[in-house]
Amino acid sequence: MEALSQNQPSSPINVFLIGNNPIELSSVYTQLKQIKSRVVNAEIGFELSGLLKKIKKFKPACILIDDNVERLQIKKILRKLTQNSDTRNIPITVLKNSNYNEGYCEAQDYLLKANLTSEKLSHSILNSIRFKKMHLYMLKKYRKNKSRLLDLVKF
């Protein structure tokens, strides 16, 4: 996790953007490029066909989904990403137009586009990556020590 510290120079972070509005995604892309603490490589997916293949090839550390995409399409994308063994461990952040719409349980984080800055985007991406790594570590440890834990709980 030290590689994600903002004080250390580190390798670039790959971020994949999914959306259907080129103007809004170009704004997010510009904000990603303005992040000063590290280099961010970004890829944008407008077409939903072939999206999973494109994501696997790019190998992002984080995925950002614009909520302008139709709700059913977002659910379909999230289902594919979380069920695929190559993409299920990639943290997902949804960029929202409003705070009044319900969320998606598969998403790691939510950001309101109206308040989006490069600094907030950077913090969200880094926190999502850290949280996902911690979650995977805890899951691995739990599975490894599950029987010992159950023995402690039994009377």
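Numbers given for residues are sequential positions, taken from 1 along each chain in its written order. In view of the model being predicted, local features appear only for residues whose pLDDT reaches at least 70, and side-chain atom pairs are presented and counted only at 80 or more, with totals across whole chains, interfaces and linings using the full set of residues. Side-chain numbers come from the whole structure's heavy atoms, not from hydrogens or water.

Participant: What should I look at first to understand the overall build of the protein in this one?
Facilitator: The helix and strand tally for the protein stands at four helices and five strands. Counting from the N terminus, the helices are DSSP H or I runs at least four residues long and the strands are E runs at least two residues long. Scanning the protein from its N terminus toward the C terminus, one meets helices and strands in the order β-α-β-α-β-α-β-β-α. Taking the principal axes of the C-alpha coordinates as reference, the protein spans close to 60 × 40 × 35 Å. Remark: exposure states derive from per-residue accessible area (1.4 Å probe, protein chains only) relative to the maximum for the residue type, with buried under 20%, exposed over 50%, and partly exposed in between. For the protein, with 155 residues in total, the buried portion stands at 35%. For the protein, the proportion of contacts with a sequence separation of at least 24, taken over those separated by at least 6, is 68%. Areas reported as accessible are Shrake-Rupley estimates using a 1.4 Å probe. Residue values count occlusion only from the protein chains shown. Summing over all exposed atoms, the protein offers an accessible surface of approximately 9900 Å²; the carbon and sulfur share of this is 53%. Here, two residues are considered to be in contact whenever any of their heavy atoms come within 4.5 Å of each other.

Participant: Looking at this structure, how should I read helix 1 (residues 22-33)?
Facilitator: Working note: α-helix, 3.6 residues per turn, so residues spaced by three or four point in the same direction. Here a helix's expected span is defined as the number of its residues, less one, multiplied by 1.5 Å. With 12 residues, helix 1 should reach 16 Å at 1.5 Å per residue; the first-to-last C-alpha distance of 16 Å fits that figure. By the burial criterion, the buried members of helix 1 are Leu 25, Val 28, Gln 31 and Leu 32. Each buried residue of helix 1 lies within a common arc of 115° when the element is viewed along its axis, so the set occupies one face. Next to the buried residues of helix 1 lie strand 1 (13-18), strand 2 (40-45), strand 3 (62-66), strand 4 (92-96) and helix 4 (118-153). Think of the arc as the fan of directions from the helix axis to the C-beta atoms.

Participant: What should I look at first to understand the side chain of Lys 113 in this one?
Facilitator: Along the chain, Lys 113 turns up in the loop between strand 5 (109-112) and helix 4. Classification of Lys 113 by relative accessible area gives buried; the value is 17%. A polar side-chain atom of Lys 113 sits 2.3 Å from a polar atom in the side chain of Asp 66. With near-sequence residues (within four places) excluded, Lys 113 lies in contact with Glu 24, Asp 66, Asp 67, Asn 68, Leu 95, Lys 96 and Asn 97. Counted as a polar contact is a pair of N or O atoms within 3.5 Å, where, for protein atoms, one must be capable of donating a hydrogen and the other of accepting one, and residues adjacent in sequence contribute only when both atoms are in side chains.

Participant: I keep staring at a nonpolar patch on the surface and nothing clicks. Help me out?
Facilitator: Here the term patch refers to residues with relative accessible area over 30% and no salt bridge, with like charges joined within 9 Å and nonpolar side chains (Val, Leu, Ile, Met, Phe, Trp, Tyr) within 5 Å. Take a side-chain nitrogen of Lys or Arg and a carboxyl oxygen of Asp or Glu: if they are within 4 Å of each other, that pair is a salt bridge. Judged by side-chain polarity, Phe 131, Met 134, Tyr 137 and Met 138 come together as a nonpolar surface patch covering roughly 420 Å² of accessible area. When its relative accessible area of 48% is taken as the criterion, Tyr 137 is described as partly exposed.

Participant: I keep staring at the nonpolar core and nothing clicks. Help me out?
Facilitator: Taken as a class, soluble globular proteins show a tendency for nonpolar side chains to be buried jointly. Among the nonpolar cores identified, the biggest contains 18 residues, and Val 15, Val 28, Leu 32, Leu 64, Leu 121 and Ile 125 are the most heavily contacted of them. Sorting the residues of this core by element identifies strand 1, helix 1, strand 2, strand 3 and helix 4 as the ones contributing at least two each. Among the elements that line this core, the one with the most residues is helix 4, at four residues. Apart from the residues lying within four places of it in its own chain, the contact partners of Leu 121 are Val 28, Gln 31, Leu 32, Leu 64, Leu 111 and Leu 116. We call a set of buried Ala, Val, Leu, Ile, Met, Phe, Trp, Tyr and Cys residues a nonpolar core when their side-chain atoms join them within 4.5 Å. In terms of nonpolar packing, the next biggest core, distinct from the first, is built from 17 residues, Leu 51, Ile 55, Ile 90 and Val 94 among them.

No statement about biological role is implied by the geometric values presented.
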